[in-house]
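The primary structure of each chain is shown beneath.
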Amino acid sequence: MKISNSFSTNSYNQNFNGKMRTRILLETISGHFVNINKTDNTDRFDGISSITDIPVKKLKTKLKDEIDLKIYIDAFGRFIGEKFPELFEESRNYTDDLFKMLFAGQLGSRTAFNKIADKYDKKLGRFVDINIDEGEKLFFNKYLDVFE
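Residues numbered from 1 in each chain as written. Predicted model: local features only at pLDDT ≥ 70, side-chain atom pairs only at ≥ 80, totals over all residues. Heavy atoms only, no water.

K.L.:
Go over the nonpolar core, please, and point to the residues and values.
P.N.:
By size, the foremost hydrophobic cluster in this structure holds 33 residues, and its most contacted members are Leu25, Leu59, Leu63, Tyr72, Ile80, Leu87 and Ile130. Residue assignment for this core shows that the elements contributing at least two residues are helix H1 (22-30), helix H2 (40-52), helix H4 (66-83), helix H5 (85-103), helix H6 (110-124), strand E3 (127-130) and helix H7 (134-144). (Core = buried A, V, L, I, M, F, W, Y, C linked by side-chain atoms within 4.5 Å. Buried < 20%, exposed > 50% of the residue type's maximum accessible area, 1.4 Å probe, protein only. Helix = DSSP H or I, 4+ residues; strand = E, 2+ residues; numbered from the N terminus.)

This is the structure in structure tokens:
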């Protein structure tokens, strides 16, 4: 894994399989998804696609049901969290920050949410490059076939 301090997907490092938005990755690992805007699921699909080499169209077709999406992303997130313990720890910290926001009564506040996301962007970079091997990619491709 490489942490990319890039704030743009244009500076993609060709030595790595995929790149995923830091906030989306931390949510994926923790299983606590926050859909603050319309593109969040698109960012999830794009990130998983770039890491696993599964076409976005296939992901969207197979995971069109919200429950199926949650099941698949939970498995993917657990795998990434186990493979990269430093990201697992950051996902726990991110979740704690989200709960603090909830308890402070700022649940619907885009400003408060963006402040948390910015904190992790500054710490880890806006995107995280992740390298998984071909066998792991094949597993996630085959696992996707379980879904309708």
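Don't stop here, the text continues.
K.L.:
Before we move on, could you go through the pattern of salt bridges and cite the residues and values that matter?
P.N.:
All chains considered together, the criterion is met by 13 salt bridges. For Asp129, the salt bridge identified is with Lys19, shortest N-O distance 3.8 Å. Highlighted residues: Asp129 in strand E3 and Lys19 in strand E2 (residues 18-21), separated in sequence by 110 residues. Accessibility assignment for this pair places Asp129 and Lys19 in one class, buried. For Lys83, the salt bridge goes to Glu136, with nearest N and O atoms at 3.0 Å. A residue pair is termed long-range when its members are at least 10 positions apart, and Lys83 in helix H4 and Glu136 in helix H7 qualify at 53 residues. Because the salt bridges share partners, they merge into one network encompassing Arg21, Asp121 and Arg126. (Salt bridge = Lys/Arg side-chain N within 4 Å of Asp/Glu carboxyl O.)

K.L.:
Now, about unusual backbone geometry: what can you tell me, with residues and values included?
P.N.:
The phi torsion at Asp53 lies on the positive side, around 65°, for a residue other than glycine. Within the secondary structure, Asp53 is located in the loop between H2 and helix H3 (56-62).

K.L.:
Before we move on, could you go through the packing of H4 against H5 and cite the residues and values that matter?
P.N.:
At a closest axis distance of 5 Å, the pairing of H4 and H5 adopts a crossing angle of 120°. Between H4 and H5, the interaxial angle falls into the category oblique. Listed contacts from H5 to Ile80, Gly81, Glu82 and Lys83 of H4 are Pro85, Leu87 and Phe88. When the residues that make up the contact of H4 with H5 are grouped by side-chain class, the tally is 4 nonpolar, 1 polar and 2 charged. (Axes fitted to C-alpha atoms, helices over the stretch in contact; angles between N-to-C directions. Parallel < 35°, antiparallel > 145°, perpendicular 65-115°, else oblique. Contact = heavy atoms within 4.5 Å. Nonpolar A, V, L, I, M, F, W, Y, C, P; charged D, E, K, R; others polar.)

K.L.:
Quick one: what's the story with the side chain of Thr22, residue by residue and with numbers?
P.N.:
As for its position among the elements, Thr22 is in helix H1. With relative accessibility at 1%, the residue Thr22 sits in the buried group. Residue contacts for Thr22: discarding those within four places in its chain leaves Tyr120, Asp121, Leu124, Gly125, Arg126, Phe127 and Val128.

K.L.:
So what's going on with the packing of H4 against H7? Which residues, and what values?
P.N.:
Across the interface, H4 lies against H7 with an axial gap of 11 Å and an inter-helix angle of 165°. Relative to H7, H4 is oriented roughly antiparallel. For H4 against H7, the interelement crossing comes out right-handed. On H7, the residues touching Ile71, Tyr72, Ala75, Phe76, Phe79 and Lys83 of H4 are Glu136, Phe140, Tyr143 and Leu144. When the residues that make up the contact of H4 with H7 are grouped by side-chain class, the tally is 8 nonpolar, no polar and 2 charged. (Left-handed = near helix turned anticlockwise from the far one by under 90°.)

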